[in-house]
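# Close look at the chain arrangement
Here's the letter readout for the chains.
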Amino acid sequence: MGIFLDLDVGKTVLHIGMPRAASTYFQNHVFPRVEGFRAYSVETTQYHPVFQKILYQDESIFDLDQTRAELQTMIESNAILSNELFVGQTLYLGSTNRTRTAQRLHALFPDAEILLVMRNQVNLLEALYSIGVYGGNTLSPESFISFNGQEGRTRPMYPTFQSKESTVSYYYSSIINTYKALFGDVKVMLFEDFQRDSEGFIDAMCSHFGWKLGGDEVKRKINPTLSERKLSMIRGWNKWKPAFESTRVGKSAFRRIIHWIEHRGGGNKRFSFDEALRNEIFEHFKADNQKLLAIKPDLMESENFQKYYIGD
């Protein structure tokens, strides 16, 4: 294959998510600086053909032995593999590939250590909605979220033909238990702690995995969020996106319009769901978040866990 670096000692860390929880920052500015490790991000762990098979190929076709042979050099190396989709494809597939992906990763990297960075579901779904609108979504926030298991809520339960999010994808107890059952432990950290003290967060991460960082220290940079005004303008224009993109000239014009809104659309108010929807999301996940205390009791060491996940 020619893309994997051979090292002497094999130790693997799998960073499995969550989306919109500083993954890009870690992939660009932290993992590549870990001394003695080779860092692999989405250009490999999502888009390379062998990982496409791991993530999506049906069990009737998937060849574990062939996959292991293709990844043998990586398996024998010190490697950090980072991909948010290791927790499952949320859009369209409804995370139905989560357990299968975890099982395949375990078969290939049985001694791997697991890192999960959680983000509270209210802010996570807001961020996913914003990036969805930026990518062309026209749904309202209320239509974007499918509250699974609640009578009278959005149907179908798994909206596989719409760009919507199912709440069942974000029950953290199921994610942690899936990986914990296979790998024995999951290191769980909070995005909110990273926001509050990025340097302390990275120090704690490195201490847990025994990492030493080399190279120049990079200043923290978080992907900017769109203001409420900009998001509203883009969502309005998205209704015309199919017509614009039917021609090459129209596609170019639409990109220029979105670029103008992004950089000159104005508005200082940060986008957020309305208070009623935020409260509904918080209450929807509260019971499952409380289950985490039995799985990972050390979460209560962070005041952010009580504030953003279970409340008073």
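Above this text sits the structure in question.
Since the model is a prediction, treat every value here as computed from it, not as a measurement. (Residues numbered from 1 in each chain as written. Predicted model: local features only at pLDDT ≥ 70, side-chain atom pairs only at ≥ 80, totals over all residues. Heavy atoms only, no water.)

### As for the overall build of the protein
- The number of helices and strands found in the protein is 16 helices and seven strands.
- For the protein, whose C-alpha radius of gyration is 20 Å, the value lies close to the compact-globule estimate of 20 Å for 312 residues.
- Along the three orthogonal principal directions, the C-alpha set of the protein runs to about 55 × 55 × 45 Å.
- For the protein, the proportion of contacts with a sequence separation of at least 24, taken over those separated by at least 6, is 78%.
- When the accessible surface of the protein is summed, it comes to about 15600 Å², and 49% of that surface belongs to carbon and sulfur atoms.
- Seen as two clouds, the 37 positive and the 37 negative side-chain charges of the protein have centres 9 Å apart. (Helix = DSSP H or I, 4+ residues; strand = E, 2+ residues; numbered from the N terminus. Rg over C-alpha atoms; globule rule 2.2 N^0.38 Å. Contact = heavy atoms within 4.5 Å. Areas by Shrake-Rupley, 256 points an atom, 1.4 Å probe, with all protein chains shown as cover. Lys, Arg positive; Asp, Glu negative; His and termini not counted. Charge placed at Lys NZ, Arg CZ, Asp CG, Glu CD.)

### Looking at the pattern of salt bridges
- Tallied over the full model, the rule gives nine salt bridges.
- A salt bridge links Asp 193 to Arg 196, with the nearest nitrogen and oxygen atoms 3.5 Å apart. Here Asp 193 pairs with Arg 196, and both are found in helix H10 (residues 191-196), just three residues apart, close to one helical turn.
- Between Glu 228 and Lys 269 there is a salt bridge, with the nearest N and O atoms lying 3.7 Å from each other. Here Glu 228, found in helix H12 (residues 228-238), pairs with Lys 269, found in the loop between helix H14 (248-264) and helix H15 (275-295); they are 41 residues apart in sequence, far enough to count as distant.
- The exposure class of Glu 228 is partly exposed, given its relative accessible area of 31%. (Salt bridge = Lys/Arg side-chain N within 4 Å of Asp/Glu carboxyl O. Buried < 20%, exposed > 50% of the residue type's maximum accessible area, 1.4 Å probe, protein only.)

### Observations regarding the sheet that holds strand S1 (residues 11-15)
- The sheet built from five strands is open, its strands ordered S2-S3-S1-S4-S7 with parallel pairing. In the strand order of this sheet, the two ends are held by strand S2 (38-40) and strand S7 (187-190), each with one partner. Taken pair by pair, the neighbouring strands of this sheet meet at an average axis angle of 20°, ignoring direction.
- One ladder, built from three bridges, connects S2 with strand S3 (residues 78-82); its direction is parallel. Across the sheet, residue Tyr 40 finds its bridge partner in S3, namely Leu 81. (Pairing = 2+ DSSP bridges. Axes fitted to C-alpha atoms, helices over the stretch in contact; angles between N-to-C directions.)

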